[in-house]
Amino acid sequence: MLLLPSIAGAQMVYKCVGKGGAISYQSESCAGGKTAKSWSATPEAPPTNEELWRQHRAKKKAEADSRYLSRLAGRSRSGAATGAAVTSGSSGSSQCEHMKRMRDANVDNNTGYDGRRNWADQVYNACK
């Protein structure tokens, strides 16, 4: 009884060419020996829980890396030109207010999504 699932899982599929070029797929070898192609139709084993977690962690790491690199790229393109640098002598709340004023002053410059995202990141970093 325990051997039945392993026997049922291992099957071959045959592509047969019949009279007039009609193509059919079947689990038994073709009559007349006109097998065009055959392959194993054994299903793959489902991933283990450990493999699913590994894939999940890899996906989350890739997303975090992408966000980090996007932030770096955004700052390198427009950081110096938009006045993103704030003097280090100012207090945290004044840095936050200064960055908000800078963002509001530059909102009309039509910077697009990347520019707005860059300003949002800078305000967030100054106010956290």
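Preceding this section is the structure that the text describes.
Okay, so let's go over this structure. Here the structure is a predicted model, which means the values were calculated and not measured.

**A few points about helix α4 (residues 112-127)**
Working step 1: In this model, α4 (16 residues) spans 23 Å end to end at C-alpha, consistent with the 22 Å of a helix rising 1.5 Å per residue.
Working step 2: Regarding α4, the residues found buried are Gly115, Asn118, Trp119, Asp121, Gln122, Val123 and Ala126.

**Some thoughts on the pairing of strand β1 (residues 12-17)**
Working step 1: For β1 and strand β3 (residues 35-40), the ladder comprises five bridges, and the chain directions are antiparallel. Among the inter-strand pairings, Lys15 is bridged to a residue of β3, identified as Lys37.
Working step 2: Strand direction decides the pairing type here: β1 and strand β2 (residues 23-26), joined by four bridges, are antiparallel. From the neighbouring strand, Cys16 faces β2, where its bridge partner is Ser24.
Working step 3: Hairpin remark: β1 followed by β2, antiparallel, with five residues in the connecting loop; positive phi at Gly20, about 75 degrees.

**Structural notes on the state of the cysteines**
Working step 1: Taken as a whole and assessed by the stated rule, the structure comprises two disulfides.
Working step 2: The side chain of Cys16 participates in a disulfide bridge whose partner is Cys30; the two sulfur atoms lie 1.7 Å from each other. Disulfide Cys16 to Cys30: torsion about the S-S bond roughly -85 degrees, handedness left-handed. Here Cys16, found in strand β1, pairs with Cys30, found in the loop between β2 and β3; they are 14 residues apart in sequence, far enough to count as distant. By the burial criterion, Cys16 is buried, and Cys30 matches it.
Working step 3: Each sulfur of the disulfide joining Cys96 and Cys127 lies 1.8 Å from the other. For the disulfide bridge between Cys96 and Cys127, the dihedral angle about the S-S bond is near 90 degrees, and by the sign convention the bridge is right-handed. Of this pair, Cys96 sits in helix α3 (residues 92-106) while Cys127 sits in helix α4; the two residues are 31 residues apart in sequence, bridging distant segments of the chain.

Criteria and cut-off values
- Residues numbered from 1 in each chain as written.
- Predicted model: local features only at pLDDT ≥ 70, side-chain atom pairs only at ≥ 80, totals over all residues.
- Heavy atoms only, no water.
- Helix = DSSP H or I, 4+ residues; strand = E, 2+ residues; numbered from the N terminus.
- Expected span 1.5 Å × (residues − 1).
- Buried < 20%, exposed > 50% of the residue type's maximum accessible area, 1.4 Å probe, protein only.
- Pairing = 2+ DSSP bridges.
- Disulfide = S-S within 2.5 Å.

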